[in-house]
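Here are the chains, one letter per residue:
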Amino acid sequence: SQAAWCELPSRVLLVLTSQRGVQMYESDGSTMVFWHALDIPEQPAAHSVFARGIATAGGRFVCVGTSSGAVLVFDIPPKGTNVTLSEILEQHRDPVTDIAAEQGQAPDGAGDLVTADDAGTLCLWSTGEEFTLLGKIPGSGSSCSSVTLWNGIVAAGYGNGQIRLWEAGSGRIRAQVSAHARWIYALDLAPLTGKLLSGAEDSFVHVWQLSRKPDTDDIEIRHCHAECVTDTQVCGARFCDPAGDTFAVTGYDLSEILCYGPA
């Protein structure tokens, strides 16, 4: 269901999630480092079982969300296969949809990890030897499908096409944009510049600029660019460089990855 490169100080792992569990591979895909199977109920459940949402945290942890709402925290050794499940975070009542770690410099008191679920609830965490819940932002009836975290700003994309910006310290909403006509499936952030990429079922990909006013510390979002991927429900969108000058897009039933860059 998802794949992500997890960059740790001493190694890079390729982490895959599926309906069966979590797989971790060496960066070249040659060796499976670790496999964690999900608990499959004996009786057929009303909802499917899966893992979704991947993020590195605290310099040595990989966090993975599950359909039960639990977030699995794996402690990754500098080398070798001795990966351990060190903690399970149980604050979500609905399936986890996405997890993001701080990609900039978090202000004092702000969390450095955010988790999102199908009900739109966001949980803000401080990572360390133990993970501490700093705050919970309740959902408002729409699933939060994707989330990012940059310089204490939480950017969340929702099933109703909205992007909302929150303070990672206080949990206050600071901006709301009706960005797309349909479900947002992908958000990505360029850590060097604060550019935000959004892709949705409406066939559009938008580039936004996030910023803070130096005098008031207000959070601003400005539209920079739009691309229409004709007749394609966009389901994946990522920047290809830390400055956000290029990005790649794909969609349902599309066997291609489309790359966009400066003219």
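All of these numbers come straight from a predicted model, not from anything done at the bench. (Residues numbered from 1 in each chain as written. Predicted model: local features only at pLDDT ≥ 70, side-chain atom pairs only at ≥ 80, totals over all residues. Heavy atoms only, no water.)

### A closer look at the overall build of the protein chain
Argument step 1. The number of helices and strands found in the protein chain is 0 helices and 23 strands.
Argument step 2. In terms of overall dimensions, the protein chain is globule-like: its C-alpha atoms have a radius of gyration of 18 Å, near the 18 Å expected for 263 residues.
Argument step 3. Overall, the C-alpha framework of the protein chain stretches about 45 × 45 × 40 Å when taken along its three principal axes.
Argument step 4. By the burial criterion, 49% of the 263 residues in the protein chain qualify as buried.
Argument step 5. When contacts within the protein chain are restricted to residue pairs at least 6 apart in sequence, those whose partners lie at least 24 apart make up 42%.
Argument step 6. Carbon and sulfur atoms make up 48% of the accessible area of the protein chain, which amounts to about 12,600 Å² in all.
Argument step 7. Of the charged side chains in the protein chain, 16 are positive and 31 negative, and the gap between their average positions amounts to 3 Å. (Helix = DSSP H or I, 4+ residues; strand = E, 2+ residues; numbered from the N terminus. Rg over C-alpha atoms; globule rule 2.2 N^0.38 Å. Buried < 20%, exposed > 50% of the residue type's maximum accessible area, 1.4 Å probe, protein only. Contact = heavy atoms within 4.5 Å. Areas by Shrake-Rupley, 256 points an atom, 1.4 Å probe, with all protein chains shown as cover. Lys, Arg positive; Asp, Glu negative; His and termini not counted. Charge placed at Lys NZ, Arg CZ, Asp CG, Glu CD.)

### Considering the UniProt feature "repeat: WD" (unreviewed entry) in the protein chain
Argument step 1. Mapped onto the present numbering, the UniProt feature "repeat: WD" (unreviewed entry) falls at residues 177-211.
Argument step 2. Structurally, residues 177-211 is divided into 0% helix and 66% strand, and its ends, taken at the C-alpha atoms, are 15 Å apart. (UniProt positions renumbered as here; feature names shortened; annotations may be inferred.)

### Notes on the environment of Ser-140
Argument step 1. Within the fold, Ser-140 resides in the loop between strand S12 (132-137) and strand S13 (144-150).
Argument step 2. Between the C-alpha atoms of Ser-140 and Gly-120, which are 20 residues apart in sequence, the distance is 6.4 Å.
Argument step 3. When sequence neighbours within four positions are dropped, the list of residues in contact with Ser-140 reads Ala-119 and Arg-164.
Argument step 4. A distance of 2.8 Å separates the side chain of Ser-140 from the side chain of Arg-164, its partner in a polar contact. (Polar contact = N/O pair within 3.5 Å; in protein donor to acceptor, adjacent residues only side chain to side chain.)

### A short note on the nonpolar core
A general trend in soluble globular proteins is that nonpolar side chains are found buried together.
Argument step 1. Residues Val-15, Met-24, Val-62, Val-64, Phe-74, Ile-76 and Val-83 are the most contacted members of the largest nonpolar core, which totals 17 residues.
Argument step 2. Going through the elements one at a time, strand S2 (12-17), strand S3 (21-26), strand S4 (32-37), strand S5 (51-57), strand S6 (61-66) and strand S7 (71-75) are the ones with two or more residues in this core.
Argument step 3. Residues contacting Val-15, with those up to four places away along its chain left out, are Gln-2, Ala-3, Ala-4, Cys-6, Val-22, Gln-23, Met-24, Ile-54, Val-62 and Val-64.
Argument step 4. Listed in part, the 16 residues of the second largest apolar core include Trp-150, Ile-163, Ala-179 and Leu-196. (Core = buried A, V, L, I, M, F, W, Y, C linked by side-chain atoms within 4.5 Å.)

### Notes on the sheet that holds strand S8 (residues 84-89)
Argument step 1. If you walk across this open sheet you meet the 4 strands as S5-S6-S7-S8, and the pairing is antiparallel. Strand pairing shows two members of the sheet lacking a second neighbour, S5 and S8, which therefore form its edges. Put simply, the sheet's adjacent strands are angled 25° from each other on average, direction ignored.
Argument step 2. Both S7 and S8 contribute to a ladder of 5 bridges, which runs antiparallel. Among the inter-strand pairings, Val-71 is bridged to a residue of S8, identified as Leu-89. (Pairing = 2+ DSSP bridges. Axes fitted to C-alpha atoms, helices over the stretch in contact; angles between N-to-C directions.)

### Some details on unusual backbone geometry
Argument step 1. Although it is not a glycine, Ser-203 adopts a positive phi angle of roughly 80°.
Argument step 2. Note on placement: Ser-203 falls in the loop between strand S18 (195-200) and strand S19 (204-212).
Argument step 3. In this structure Ser-203 comes out as buried when scored by relative accessible area, which is 13%.
Argument step 4. Although it is not a glycine, Asp-253 sits at a positive phi angle of roughly 55°.
Argument step 5. Its place among the elements puts Asp-253 in the loop between strand S22 (247-251) and strand S23 (258-260).

### Considerations on the packing of aromatic side chains
Argument step 1. By the definition in use, this model includes 5 aromatic pairs.
Argument step 2. Ring centres of Trp-183 and Tyr-185 lie 5.8 Å apart, and the angle between their planes is 25°; on these two criteria the pair is classed as stacked.
Argument step 3. For Tyr-185, a relative accessible area of 30% corresponds to the partly exposed category.
Argument step 4. In this structure an aromatic cluster arises from ring pairing among Trp-183, Tyr-185 and Tyr-252.
Argument step 5. Just above the ring of Tyr-158 sits the side chain of Arg-164; from NZ or CZ to the centre is 4.2 Å. (Phe/Tyr/Trp six-rings, centres within 6.5 Å; stacked < 30°, edge-to-face > 60°. Lys NZ or Arg CZ within 6 Å of the ring centre and 35° of its normal.)

### Some remarks on the sheet that holds S3
Argument step 1. Spatially, the 4 strands line up as an open sheet ordered S1-S2-S3-S4, and their pairing is antiparallel. Two strands close off the open sheet at either side, each with one partner strand: strand S1 (2-7) and S4. Averaged over all pairs of adjacent strands, the angle between strand axes in this sheet comes to 15°, irrespective of strand direction.
Argument step 2. Two strands pair when backbone bridges link them, and S1 and S2 are joined in this way by 6 bridges, in the antiparallel orientation. Each residue of the ladder has a partner; that of Trp-5, found in S2, is Leu-14.

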